[in-house]
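Residues per chain are reported as follows:
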Amino acid sequence: MKYLLWLLKAAIFFTLFAFALNNQQDATVHFFFGTQWRAPLVLVVLTAFSAGLAVGVLGMVPRWWRHRTAARRAQAAAAVAVPAPAPTAAANSSNTPPAPPPPPDLPSIHGI
């Protein structure tokens, strides 16, 4: 399995390398107020991809912080939780497993 992953990574690398070699012609990107940037096409594509990746990650940072804070609060609440009282003899005689603890109050992770 390890060799299959290395083979897949090598195939992706060589495909991207061939893409870069086939797209060496210059491309001009026109900005506002008459400014322009002239660079190889593969560099323009790589820059656009990197900019999109950065914008996506920066857009997710507040949500990641919120979830991380909620997880820390849940761990702290679980550590401080009062242990349940010891089961009585009548409860043990019924041979039913104990009920699981209720889930902690966490914010909804569904939706945007």
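Reading the values: the criteria
- Residues numbered from 1 in each chain as written.
- Predicted model: local features only at pLDDT ≥ 70, side-chain atom pairs only at ≥ 80, totals over all residues.
- Heavy atoms only, no water.
- pLDDT = per-residue confidence, 0-100.
- Helix = DSSP H or I, 4+ residues; strand = E, 2+ residues; numbered from the N terminus.
- Buried < 20%, exposed > 50% of the residue type's maximum accessible area, 1.4 Å probe, protein only.
- Contact = heavy atoms within 4.5 Å.
- Pairing = 2+ DSSP bridges.

### Some points on the confidence of the model for the protein chain
Then comes step 1: On average, residues of the protein chain score 81 in pLDDT, and 79% of them reach the 70 mark or higher.
Then comes step 2: Of all the helices and strands in the protein chain, helix H3 (residues 89-92) carries the lowest mean pLDDT, 54, while helix H2 (residues 41-80) carries the highest, 89.

### Quick word on the environment of Val 44
Then comes step 1: Tracing the backbone shows Val 44 in helix H2.
Then comes step 2: Under the relative-accessibility criterion, Val 44 is labelled buried at 16%.
Then comes step 3: Along the backbone, Val 44 and Thr 28 are 16 residues apart, and their C-alpha atoms lie at a distance of 8.8 Å.
Then comes step 4: In this structure Val 44 touches Ala 27, Val 29, Trp 37 and Ala 39, once residues within four positions along its chain are discounted.

### Observations regarding the pairing of strand E2 (residues 36-40)
Then comes step 1: The pairing of strand E1 (residues 26-30) with E2 spans five bridges and is classified as antiparallel. Its bridge partner lying in E2, His 30 is registered against Gln 36.
Then comes step 2: Where E1 folds back onto E2 in an antiparallel hairpin, the turn is made up of five residues, including Phe 33, whose phi is positive at roughly 60°.

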